[in-house]
Amino acid sequence: MKVSLDWLGEYVDLTGLKPEEIAEKLTMGAFEVEEITVFGVDLEGPIVAGEIMEIHPHPNADKIRLTRTRIKDGAEPLEIVCGAQNIEVGQIVPVALPGAKVVNRHDGSPLIIKASAIRGVKSNGMLCSAAELGIVCDDAAGEGILILARTSDKEKPSFALGDDVRQILNILPDYILHVEPRSNRGDALSVAGLAREAAALFGRPLKRPDWELAAAEPGTISSGITGTFIENTEDCPYFSLIPISGVKIGPSHPRIAKRLESIGLRPVSNVVDITNYVMHELGQPLHAYDADKLKGKALGVRRAAPGETITTLDGKERKLTDEVLLIVDSHGQSDIPVGIAGIMGGKDSEISDSSTSLVLEAACFTPAVVRRGSRLLGLSSDASLRFERGVDAASVLNAARRAAYLIGKYCSTQDLKIGAPHLAGSDRVQEVAVDLRLKTIKRILDLDMDGKRVATLLSPLGFQVEEAGPGTLKVQVPSFRQTDVKREIDLVEEVCRLNGYDAIEASMPSGTVCRENEDDTLSKAHSTLTGLGLSEAWLSSLVPADDAGIVQDYLVQVLNPLSKDHQYLRQSLVPGLLGALAYNLDRGQKTVWLYETGRVYFKDYLKTTEANPGKNGKNGKTETTGSEKPALEMQRLAGVLCGSGPQGACTFQTVKGVLECLLTSLGLNLSLEKVNWSTGSQLPPWLHPYRTAVLSLNRPPRKGSDLTEAVGVFGNPMVLAYVGQLHPAYGANRGLKEEAFIFEIDLDRLKAERKPPRFSELANTPAVTRDLTCDFPADQAATLQHQTMARLITKKAGSNLKKLELVSIYQPQGEAGGGNVAITYRLTFQHVSETLTSEQIDATLKDVKESLAGELKATFRA
Amino acid sequence: MQDLEKKIVEMESSALKAIEEASSLDHLEQLRLSVLGQKGELTGILRGLSSLDKDVRPRIGQLANQVKVKIEQAHLDRKDRLFQSHIEARLSQERIDVTAPGQTMPVGHMHPLSQIRQEILSIFSSMGFVTADGPEIETDYYNFDALNTPASHPARDEQDTFYTNIGANVLLRSQTSTVQIRVMEMSKPPLRIIAPGRVYRNEEVNARKYPLFHQVEGLLVDKDVTFGQLKGTLTAFIQALFKKQVKTRFRPDFFPFTEPSAELDSECPFCNGKGCKTCGGRGWLELLGCGMVDPNVLSGVGIDPEEWSGFAFGMGLERLAMLKYGVNDIRHFYTNDLRFLEQF
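Not measured: the values here are computed from a predicted model.

What follows is about the overall build of chain B. Of regular secondary structure, chain B possesses 13 helices and 9 strands. In summary, chain B has a C-alpha radius of gyration of 42 Å against a globular reference of 20 Å for 344 residues, an excess of more than 25%. Per-residue burial over chain B gives 42% buried out of 344 residues. Summarising the internal contacts of chain B: among those between residues at least 6 apart in sequence, 66% fall at separations of at least 24.

A few words on the environment of A:Asp546. Residues and elements named next belong to chain A. The residue Asp 546 is located in helix α14 (residues 545-548) in this model. Judged by local crowding, Asp 546 falls into the exposed class, with 12 C-beta atoms found within 10 Å. Spatially, the C-alpha atoms of Asp 546 and Thr 366 are 46 Å apart, while their sequence positions differ by 180 residues.

Take the interface of chain B and chain A next. At the interface, 72 residues of chain B touch 77 residues of chain A. Residue contributions to the side of chain B that touches chain A peak at 7 residues, all from helix α9 (residues 227-242) of chain B. For the side of chain B that touches chain A, the per-class residue count stands at 33 nonpolar, 22 polar and 17 charged.

The next point concerns the domain arrangement of chain A. Domains assigned within chain A are domain 1 (2-40 + 173-202), domain 2 (47-169), domain 3 (227-425), domain 4 (435-502), domain 5 (521-753) and domain 6 (768-856). Relative placement of domain 2 of chain A and domain 4 of chain A: their C-alpha centres are 57 Å apart.

What follows deals with the sheet that holds strand β42 (residues 801-810) of chain A. All names here are of chain A. Sheet architecture is open: 3 strands sit in the order β41-β43-β42, paired in antiparallel fashion. Every other strand in the sheet has two partners, leaving β41 (768-776) and β42 as the edge strands with one partner each. On average, adjacent strands in this sheet sit at an angle of 20° to one another, irrespective of strand direction. As paired elements, β41 and strand β43 (residues 821-829) share 9 bridges and run antiparallel to each other. Paired with Leu 772 across the strands is Tyr 825, a residue of β43. Its contacts with the sheet place helix α23 (residues 838-856) against β41 and β43, and it is angled at close to 20° to β41.

Take the nonpolar core next. In this structure, A:Leu8, A:Leu360, A:Ala403, A:Leu577, A:Leu581, A:Leu594 and A:Phe743 are the most contacted members of the largest nonpolar core, which totals 239 residues. Apart from the residues lying within four places of it in its own chain, the contact partners of A:Phe743 are A:Ala638, A:Gly639, A:Val655, A:Val658, A:Leu659, A:Ala721, A:Tyr722 and A:Val723.

All names here are of chain A. Where helix α2 (residues 19-27) contacts helix α4 (residues 191-202), the axes come no closer than 10 Å and their chain directions differ by 95°. By the criterion of interaxial angle, the relationship of α2 to α4 is roughly perpendicular. Of α4, the residues touching α2 (which contributes Ile 22, Lys 25 and Leu 26) are Ala 198, Leu 201 and Phe 202. The residue inventory of the contact of α2 with α4, partitioned by class, reads 5 nonpolar, no polar and 1 charged.

Here the focus is the domain arrangement of chain B. Here chain B is described as being made up of domain 1 (2-93) and domain 2 (112-341). Placing a centre on the C-alpha atoms of domain 1 of chain B and another on those of domain 2 of chain B gives a separation of 87 Å.

All names here are of chain A. The end-to-end C-alpha separation of helix α12 (residues 488-499) is 16 Å, in line with the 16 Å expected for 12 residues at 1.5 Å each. For α12, the tally of buried residues reaches 11 of 12 residues, placing the bulk of the element in the interior. A positive phi of about 105° marks Gly 500, the residue just after α12.

Looking at chain B as a whole, its pLDDT mean stands at 91, while 98% of the residues score no less than 70. Under the prediction, the complex receives an ipTM of 0.86, its pTM being 0.84.

We now examine the environment of B:Asn65. Mapped onto the fold, B:Asn65 is located in helix α4 (residues 57-93). Considering only alpha carbons, one finds B:Asn65 and B:Leu42, 23 residues apart in sequence, at a separation of 9.0 Å.

This paragraph deals with α2(A). All names here are of chain A. Three or more residues of α2 are buried, namely Ile 22, Ala 23, Leu 26 and Thr 27. Viewed along the axis of α2, the buried residues span an arc of 130°, placing them on a single side of the element. Of the residues in α2, the exposed ones pointing more than 90 degrees away from the buried face are Glu 20, Glu 21 and Glu 24.

What follows deals with the packing of helix α22 (residues 786-797) of chain A against α23(A). Residue and element names in this part refer to chain A. At a closest axis distance of 9 Å, the pairing of α22 and α23 adopts a crossing angle of 145°. Crossing handedness for the pair α22 and α23: right-handed. Judged by residue contacts, Met 789, Leu 792, Ile 793, Lys 796 and Ala 797 of α22 engage Thr 844, Asp 847, Val 848, Ser 851, Leu 852, Glu 855 and Leu 856 from α23. The residue inventory of the contact of α22 with α23, partitioned by class, reads 7 nonpolar, 2 polar and 3 charged.

What counts, and at which threshold
Residues numbered from 1 in each chain as written. Chains lettered and ligands numbered in written order. Predicted model: local features only at pLDDT ≥ 70, side-chain atom pairs only at ≥ 80, totals over all residues. Helix = DSSP H or I, 4+ residues; strand = E, 2+ residues; numbered from the N terminus. Rg over C-alpha atoms; globule rule 2.2 N^0.38 Å. Buried ≥ 20, exposed ≤ 12 C-beta atoms within 10 Å, placed from the backbone. Contact = placed C-beta atoms within 7 Å. Nonpolar A, V, L, I, M, F, W, Y, C, P; charged D, E, K, R; others polar. Domains from an automatic or database assignment. Pairing = 2+ DSSP bridges. Axes fitted to C-alpha atoms, helices over the stretch in contact; angles between N-to-C directions. Core = buried A, V, L, I, M, F, W, Y, C linked by C-beta atoms within 7 Å. Parallel < 35°, antiparallel > 145°, perpendicular 65-115°, else oblique. Expected span 1.5 Å × (residues − 1). pLDDT = per-residue confidence, 0-100. Arc of directions from axis to C-beta. Left-handed = near helix turned anticlockwise from the far one by under 90°.

Put into structure tokens, the structure is as follows:
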């Protein structure tokens, strides 16, 4: 909302206050001023009345002359160079002194005055023409210096030398505050409303500007509208019409036009401008109908019928529903819509240049109804904004009569008549009194206040404060504040605001709260992954259909998406990461290692939990996790690797190494007794079927968190993570030609599996390592898995085996090896307290070999 | 016996000479072995002492021992010097160009939003706030009604909300304040929580807006919590975040779920309040919204507002990160260009 300070000054005494001070006070009083702009000519600095004492030729130029001009009685005159032809000794003229800002008469740009040499003679200012002061004048006189007075004048001027020329000419600029009252303060969406706040904040008196209300002339208007009605007072508590005849439509009075222009409105015609003027002045929207275009005898308020239409003032035909409130022109059996209540009038009854009779409507519509209508129609206006925030029923008629008075004053012909108002509903507002306990002020604000102080703060805003008992005040809320002040806390806020937020001492809360169950998984994962060289991405969880995910039945869809790219909630982080990968490769990056931690989303979770009832929640409803969540949201951690790593080109082993390193750093035991790697089934489409490993734990999730199963993301509740190569076809569809590698982890499960570290004793005995090379025939080797061998070795080697490393897999080329494959493991044995003997280790190795030979047909070299 | 004495003296001089002339550690070691080793000359003499006459034995023995000590000493001296020059030779051979660049190590970068989130959480964690969490897919009850924003409330229109196919009342939360309600339903006061999370609003994408962004919500509920404590806590937070004694001001504002409500501005730390591009010339930066928890919110979750009071606050991660790091376009945060990520 824009507010003119000049206009505001009509309602509250702002004498002596700078625009910045007013803006600051309003801002700190809940009315944030976002900007101050200047309306009118932006003149700055010293521009004063000066008397030309002498005029001399310029020594170096013909067309300009040198004046000696004094700007104070008895003062030493200043040397000022002037090019105008109309100057004479004894003239009193505007003098802009160095530092002043005036208007460049050639192009209207700002002109800053400096003391400078003009053709070798120093000039200490500038004598100004009307144009240079921003005064528009068409005649030739405008070319010369503006003559304020002459010393020869019989009448002494009303000003002295040195006085501010802006004051003398009354060309002070107006300052416009761009202020945003919050959505609960509909009462302040007007000059008068904001003035009330300014008066309270500055402790200045409110002014009653010099205006009158129109008095009706009963019975003088006989034709046209003779009545009004409201279908339902819940939609519209109060409705008023004032008939006016003998109107002459024309341009607005300059004073009104200037006010509207100052707040950015374009003047239209006198009557329309007055309705706008009064709305901005008092906050009450008004509408004027051309009485001659109305067909019926009564204007009333009713809901639209579904499918009904109206053409609004902006020329658009609007299709209505029964949630829209209408103003209708009724003639008995039927009626015609003439406006959308509180939002916009109808085209057919619009005021035109030839209108002579009006019906002026002022009403109070229910905020929720106007808001709903405005949203449904996608149509809002200055009027709807105010109705949505609530107008004061008690002030409706007052505003209408103010407008009628102004119409009478500025738009009348000789036989102007103002009829008696037609009223429906009631403008009586119930009295609201709220109890305010001083101890509540103390408790919330830590302020010690007595009733007198509270009254001093609240009464300028129209609250009536009286003692209602020890420590309790009874506060009568004025009608215009009943939308936002209903409870004690609302008054506490008013007290806080008016007393000043700055007046409250800062302190620190006492007491402590136990920080239970704090989880550090994420921060640990960040350090491990960034340490390994992966950078973190943050991706949109709103994705296009292509990237949404795997389980169509569980897709969460946005019904009112911003675009097709933001239509679904993702079920995996991977498609987004692949997008980020492609983006970076396209920009010339060779190595892109990215990860993300984020949520994935599944619908129909409620259905699943109903099928498997958990414990009963406090409402007696079925609950799984204690509070009902409309969908299943799971935390994931995923990564994508492309390009070379520190050890050369990225391979499946690289990404698996990253995953293993991450999980190990988070304290997960990846020994093969605890986990299982498999090739998996029902893989997401972005995975290479023969280069993917699915990591499962050897037990299901703990009870109460068996949601993975419910959704079946990986087709198996035991799955913790997967790692694999990008499916070449999936990649090609996304413009990815390079090999890329992917991992994704169920972060919720991971968190649940983590255990705090426990110390185990360090061995002081020597560790013994032995290499074991097993030979397999080629056909046997083809299906052999490390996991099978390692399990077998670990089982047979027993608890003294501390470490098992796969050293090499060697397949001699050609005839030499006879197609055999040699696999070498390194076994490290150690006992925590005993030194193991060669014999013990040999015996263990013998067991291992026998078992490998028996179960896997391994042979060993001598 | 003269011969033996003579032999010892000759051996001494020749050994000392040879030691002095030894050119390498290996050569020196050979010399040592030939004189002092198991089969060395002098060792042989010392070993043969027992077969000498008693009257010459002490003299010869003394002489041989003196010579042995001398030779040993000379050997050690020479060894030290040879070692020294050997090391020096090796070191100078190992000369490299130390100005050549180091090996490139893989370095990953945490996303700037993660970094600022971690910073915010750690500041509040030091003040005893516990991290909390809530769903992003919510019902309108948690997003609005429980936050004192009934269907008729104008504040509902200010946030353009996304609705889902799960149900007419199921939406993507537009604010993390939902977590306040979820936490207060589950736990009894005293409470101190800090809840980071993703929120969604149906707004056209531009340099300042993205349909999803991130907030950090805070809530403290206890006995006798005052507006002054809200001011103290958040002022301490801002100074910890900017690591500077910045001036703050609490400006009245309106949120349906707090009363009194405030916007916290800090004096622009980049221009010290003089006005610059970052603060749009105002000298103040709008940082976060806050206020005393509305009694309706407390009683809605079964907490007696006469017994307990609290404050809540919420801030936008993107906004703070843009201010702190000078990022000029919100879309950079979601594009994940490595050239961007690697700056943090």
